[in-house]
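# Analysis of the macromolecular model
The lines below spell out each chain.
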Amino acid sequence: MKPRITVITLGVDDLQRSLKFYRDGMGLPTEGIIGEAFENGAVAFFDLQPGLKLAVWPRRSLSKDSGLPPGQASATELSLGHNVSSRDEVDQVMAQAAAAGAVIVKPAQETFWGGYAGYFQDPDGHLWEAVWNPEILPED
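This report concerns the structure included in the present document. (Residues numbered from 1 in each chain as written. Predicted model: local features only at pLDDT ≥ 70, side-chain atom pairs only at ≥ 80, totals over all residues. Heavy atoms only, no water.)

All told, the structure shown has four aromatic pairs when counted by the stated rule. Taking 5.7 Å as the distance between ring centres and 55 degrees as the angle between the ring planes, the aromatic pair formed by Tyr 22 and Phe 46 counts as tilted. Of this pair, Tyr 22 sits in helix H1 (residues 15-25) while Phe 46 sits in strand S3 (residues 43-47), and the two are 24 residues apart along the sequence. Seen from their ring centres, Phe 120 and Trp 128 are 6.3 Å apart, and the 0 degrees between their planes marks the pair as stacked. With relative accessibility at 11%, the residue Trp 128 sits in the buried group. (Phe/Tyr/Trp six-rings, centres within 6.5 Å; stacked < 30°, edge-to-face > 60°. Helix = DSSP H or I, 4+ residues; strand = E, 2+ residues; numbered from the N terminus. Buried < 20%, exposed > 50% of the residue type's maximum accessible area, 1.4 Å probe, protein only.)

Structure representation (structure tokens):
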């Protein structure tokens, strides 16, 4: 397998709420909800970095498409890391997330490994880490 992840899909309970959170609250570019003409097809894609998209898709649609029964949601099964260029940018992302309706799980603070990070959950409980790592700076 070649390391080529192009879409990260999050199962959500309320597609409109997720669209509003990521588009209006977090400022991620999107064309909005597409695929509503198809049963279990409604989804919203958000542009991240070149070649990578975030998708939000109803959990019931993901369940039906995969053939797996819906399971218990767990915030600690996966976290998405949003790496930024400075401590101040971590604070800005955390404030933006809180204003958009995210739950701040762990306020931004110095890390044991020499960085600075905080955690928040989106309206469906998905865990995000806003992080500044002096060894892994994002390419802008």
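Here the focus is the side chain of Gln 121. In this fold, Gln 121 is placed in strand S7 (residues 116-121). Engagement of the side chain of Gln 121 in a polar contact is seen with the backbone oxygen of Gly 125, the distance being 2.9 Å. (Polar contact = N/O pair within 3.5 Å; in protein donor to acceptor, adjacent residues only side chain to side chain.)

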